[in-house]
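# Breakdown of the fold
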Amino acid sequence: MELTKQQLIQWLEKCAETFSEQQNFLTELDTAIGDADHGLNMHRGFSKVIEKLPTVADKDIGAILKTVGMTLLSSVGGASGPLFGTFFMKMAPTTNGKESLTLAEFTQALNDGITGIVSRGKAELGDKTMCDVWLPVLDSIKQSSDFPNALESAVSVAETALAGTIPMQAKKGRASYLGERSVGHQDPGATSATFMIKALHQVVVNG
């Protein structure tokens, strides 16, 4: 099977729905170790994405992803806008002109997007950031042979990796200022990344 453009749009809509529902939870997480604005920022950003989608729904996947990235960059504050915006912007070139994506094409786009996040945020595994979810998820998808298995594995890996951020000491962003006091809290950015992975699984596997 391939990931269709319609499924991609449904994924973005599902992300917006999730960030609306989880805004307060994400804010609570960010209140403990950040600026208390992550929930608001993700909700605002994806609300703007949904407003833009009808204007690009007839375009190819690359054009849609580029628009999503630009929208997040221009409408989301804090670190979230640049990081998630970069993620979608970097996914766009690989998917230009495409109406659907094979698993290999999707994996390459995801790889490019995550490389963009790592480059922009200068984060490594163990720094207590969204990279602690994205990097192991990418590895698991690279080892999968079809979309359903890839996404089943991705959700499982993401949940384990997300729980793994709790005992970490933050080394990047506002949370790093807290030093040892950042230990014992789940990372908000990693939580948002996990929500996005679960949303994609829901759309593709559960229909």
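Higher on the page you've got the structure.
My aim in this report is to walk through the structure given alongside it, one point at a time. (Residues numbered from 1 in each chain as written. Predicted model: local features only at pLDDT ≥ 70, side-chain atom pairs only at ≥ 80, totals over all residues. Heavy atoms only, no water.)

### Focus on helix α7 (residues 131–142)
In a regular helix each residue adds 1.5 Å, so twelve residues correspond to 16 Å; α7 covers 16 Å between its end C-alpha atoms and thus fits that length. Taken residue by residue, α7 has Cys131, Asp132, Val133, Trp134, Val137, Leu138, Ser140 and Ile141 as its buried positions. Next to the buried residues of α7 lie α5 (80–95), α6 (103–121), α8 (147–164) and α9 (188–205). (Helix = DSSP H or I, 4+ residues; strand = E, 2+ residues; numbered from the N terminus. Expected span 1.5 Å × (residues − 1). Buried < 20%, exposed > 50% of the residue type's maximum accessible area, 1.4 Å probe, protein only. Contact = heavy atoms within 4.5 Å.)

### Some points on the nonpolar core
Counting 58 residues, the largest nonpolar core has Phe46, Phe87, Phe88, Phe106, Val133, Trp134 and Met196 as the members making the most contacts within it. Beyond its immediate stretch of four places on either side in the chain, phenylalanine 88 contacts Trp11, Leu12, Phe46, Leu65, Lys66, Val68, Gly69, Leu72 and Met196. (Core = buried A, V, L, I, M, F, W, Y, C linked by side-chain atoms within 4.5 Å.)

### Details of helix α2 (residues 23–33)
Within the span of α2, buried status applies to Gln23, Leu26, Leu29, Asp30 and Ile33. All buried residues of α2 project into a common sector of 130° when viewed along the axis, lining one side. In this structure, α2 carries Asn24 and Glu28 as exposed residues pointing more than 90 degrees from its buried face. The secondary structure elements touched by the buried residues of α2 are α1 (5–21), α3 (38–56) and α9. (Arc of directions from axis to C-beta.)

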